[in-house]
Amino acid sequence: MAADADKERKMKAAVLHAPGVIKCEEVPIPRLIDGEALVKVKAAGVCGSDIRRVMVTGTYHFPTIPGHEFAGEVVEVAGEAGNVRPGDRVVVIPLIPCGRCDFCRVGDYALCDDYDYLGSRTDGGFAEYVKAPARNLIPIPDGVDYETAAATEPAAVALHGLRRARIEPGDSLAVLGAGPIGVLVAQWARALGAKAVYLVDTVEEKLELAKRLDFLPENCIDAGKADPIQAIKDRTGGRGVSLVVEAAGVPATLKGSLEIAGKGGRVLLLGNPQEDVTLPAKLISGILRKQLTLCGTWNSEFRPYPVNEWKLTLDFMARGLIKVLPLISHRFSLEDVAEAFDMMYHRRQVFNRVFFIPG
Ligand SMILES: [Zn+2]
Ligand SMILES: [Zn+2]
C-alpha cells in the first residue's frame, strides 16, 4: 500500500483523555515496527481495574486507549514474527517486559522493573485494532471462542494466585467476592481438586450465576442475608477453611478472610484494595496463633518453563473446565463506551463480565 494511502487508515477506538473522559473516536491504525503484529480485536473484556483506571485514576499519560483483556485475529506482522501469521486467532499478553532487568533474565516477567503495559501505559484493546510485540501473542486453541479467550488474562491471574497460595487437592476453599475473578478462582480450585468451594458475595445475582456453573447452592453464601463467617464455620465443623481467597478488596472481606481461615491455613490477597484497613489486635493475634500464611499475588506467569499459565489456561478452557460465557452480563459497541463506564462506575445495573465488541 502506498505511504499516502497508509496514512489515511483509520479505526474506531475508545480514547481516554482524562479520568472520566472517554470517547469513541477515529484514530490512525497503529503502525508496526519489526517484531510487532497488528491484531483485529474481536472481543475486549472490562477488568475491575479498568473501571477505576478510566473513571478515577486515569492512565500514565493521555490520550490512551484502555483495555488489556482481549483476543482477536492477526492481520499483519512486521519483520521477524515467527510465532504468528495473518489469520491466526490469538490472545495478547498485555505485559511487555523490558527483557533486561534481573527479573526478566530469569523469566519473572511479572516482577519486571521497567515494563510497558497495553491499556494503561500504552494503547490497548478497546479499539478495532491494537499492535503488540508478536512474542506477546498466543494462538487460541480450536473450540475456544474469542470471548472466552479474551478472559485468559484474568483466568491466568486467578491460576497464578492459587499457585502462589500452593493450592493442593483436598483443600477447602472460600472465595470472598463472586465477581468474574472470584468465579474464575472457584472454577480453577474445583478443576485442581479442592474438596469444597464456598463463594461469598452480597449480590444475589452473582451467586445465582455461580450456581449455574454447578457450585453447590448451599455453598454460595449471601453475605447480605447471613453472617458469612458463621455460615462457613457451620459448614466446616467450626474449623474454617484451609485456603481463603480475598477477591473483593474491601475491609470487611480482608478482616473476614482472617477469621474464616482455619489453623495452619493460607490467605491469598487477590482483590485490589479499595481503602485503608485497620486490623484489630484480636485478628492479628489470630494470624499468629493459627499460624496463617498470608500471600500476595500479582499478574500471571508466562515463562516457557515449567508452567506457562496462559497456555495452561487456554488448555483448560478448551477442555471446558474454565467457563467464561455464562459470566457475560453485557456486550457494548465502542460507540457506547462512555455510557458503559458510567453504568459500571455508578453500579446502575448489576453487571459481571462486560465486553466491548468492536466493529
Ligand atoms: Zn485485568
Ligand atoms: Zn524487566
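Cut-offs used in this document
Sequence positions are assigned chain by chain, starting from 1 and proceeding in written order. The lettering of chains begins at A and the numbering of ligands begins at 1, in the order of writing. Owing to the predicted nature of the model, reporting of local features is limited to residues with pLDDT of at least 70; listing and counting of side-chain atom pairs is limited to 80 or more, with chain, interface and lining totals taken over all residues. Numbering of helices and strands runs from the N terminus; a helix is a DSSP stretch of H or I covering at least four residues, while a strand is a stretch of E covering at least two. Based on C-alpha atoms, the radius of gyration is set beside the globule rule, defined as 2.2 Å times the residue count to the power 0.38. Using C-beta atoms placed from the backbone, we call a residue buried if 20 or more other C-beta atoms fall within 10 Å of its own, exposed if 12 or fewer do, and partly exposed for counts in between. It is the C-beta atoms, placed from the backbone, that decide contacts: two residues are in contact if theirs lie within 7 Å. Inter-axis angles, ranging from 0 to 180 degrees, are taken between N-to-C directions of lines fitted to C-alpha atoms, where helices are fitted over the stretch in contact. Working rule for angles: under 35 degrees goes down as roughly parallel, over 145 as roughly antiparallel, 65 to 115 as roughly perpendicular, anything else as oblique. Note on residue classes: Ala, Val, Leu, Ile, Met, Phe, Trp, Tyr, Cys and Pro are nonpolar, Asp, Glu, Lys and Arg are charged, and everything else, Gly too, is polar. The pairing criterion for strands is at least two bridges between them, as found by DSSP. By convention here, the domain bounds are inherited from an automatic or database domain assignment. Nonpolar cores are built from buried Ala, Val, Leu, Ile, Met, Phe, Trp, Tyr and Cys residues. These are joined into a set through C-beta atoms within 7 Å.

Chemist: Can you walk me through the overall build of the protein chain in this structure?
Modeler: Looking only at helices and strands, the protein chain has 12 helices and 17 strands in total. What you see for the protein chain is a C-alpha radius of gyration of 21 Å, in line with the 21 Å of a compact globule of 359 residues. Overall, the C-alpha framework of the protein chain stretches about 70 × 45 × 40 Å when taken along its three principal axes. Out of the 359 residues in the protein chain, the part that is buried amounts to 46%. Partitioning the contacts of the protein chain with sequence separation of at least 6, the portion at a separation of at least 24 is 70%.

Chemist: Can you help me understand the packing of helix α5 (residues 152–164) against helix α11 (residues 309–318) in this one?
Modeler: The interhelical angle for the contact between α5 and α11, taken along N-to-C directions, is 110 degrees, at an axis separation of 9 Å. Between α5 and α11, the crossing angle belongs to the class labelled roughly perpendicular. On α11, the residues that touch Thr-152, Ala-155, Ala-156, Leu-159 and His-160 of α5 are Glu-309, Trp-310, Leu-312, Thr-313 and Leu-314. Looking at side-chain class alone, the contact of α5 with α11 contains 6 nonpolar, 3 polar and 1 charged residues.

Chemist: What's the story with the sheet that holds strand β15 (residues 293–296) in this structure? I'm lost.
Modeler: Across a sheet, paired strands are connected by hydrogen bonds in the backbone, their directions being either parallel or antiparallel. Here we have 6 strands laid out as an open sheet, ordered β12-β11-β10-β13-β14-β15, and parallel in their pairing. Each edge of the sheet is formed by a strand with only one pairing partner; in this case those strands are β12 (220–222) and β15. Between one strand axis and the next, the sheet turns by 20 degrees as a mean value, whatever way the strands run. Alignment of strand β10 (residues 172–176) against strand β11 (residues 196–201), held across 5 bridges, turns out to be parallel. Within the sheet, the bridge partner assigned to Val-175 lies in β11 and is Leu-199. With respect to the sheet, helix α7 (residues 204–212) is in contact with β11 and β12, its orientation differing from that of β12 by roughly 170 degrees. Helix α9 (residues 251–260) contacts β10, β13 (241–246) and β14 (261–269) of the sheet and is inclined by roughly 170 degrees relative to β13.

Chemist: Could you clarify how one ought to interpret the domain arrangement of the protein chain in this entry?
Modeler: It is common to give the size of an interface as the accessible area lost on bringing the parts into contact. Taken domain by domain, the protein chain holds domain 1 (3–151 + 324–356) and domain 2 (157–296). One C-alpha centre belongs to domain 1, the other to domain 2; they are set 30 Å apart. Contacts between the two partners involve 7 residues from domain 1 and, on the opposite side, 11 residues from domain 2.

Chemist: How should the nonpolar core be read in this particular structure?
Modeler: It is characteristic of soluble globular proteins that their nonpolar side chains tend to be buried jointly. Counting residues in hydrophobic clusters, the biggest one holds 106 residues, and the most contacted among them are Val-175, Val-185 and Leu-199. Take this core: its biggest share by element is 7 residues, from helix α6 (residues 180–191). Summarising the domain contributions, this core has at least three residues from each of domain 1 (3–151 + 324–356) and domain 2 (157–296). Setting aside chain neighbours within four positions, we find Leu-199 in contact with Val-175, Ala-178, Gly-182, Ala-186, Leu-207, Ala-210, Phe-215, Asn-219, Cys-220 and Ile-221.

Chemist: Even after reading the chapter, I still don't get unusual backbone geometry, so can you show me in this structure?
Modeler: A negative phi angle characterises most non-glycine residues, just as the trans form characterises most peptide bonds. Residue Phe-62 is joined to Pro-63 through a cis peptide bond whose omega torsion reads -5 degrees. Counting through the fold element by element, Pro-63 comes out in the loop between α2 (48–57) and β4 (69–77). Looking along the chain, the bond that leaves Tyr-305 and enters Pro-306 is cis, with omega of 0 degrees. With respect to the helices and strands, Pro-306 occurs in the loop between β15 and α11. Even without a glycine there, the phi angle at Arg-166 is positive, about 50 degrees. Here Arg-166 lies in the loop between α5 and β10. The phi torsion at Asn-299 lies on the positive side, around 60 degrees, for a residue other than glycine. Along the polypeptide, Asn-299 turns up in the loop between β15 and α11.

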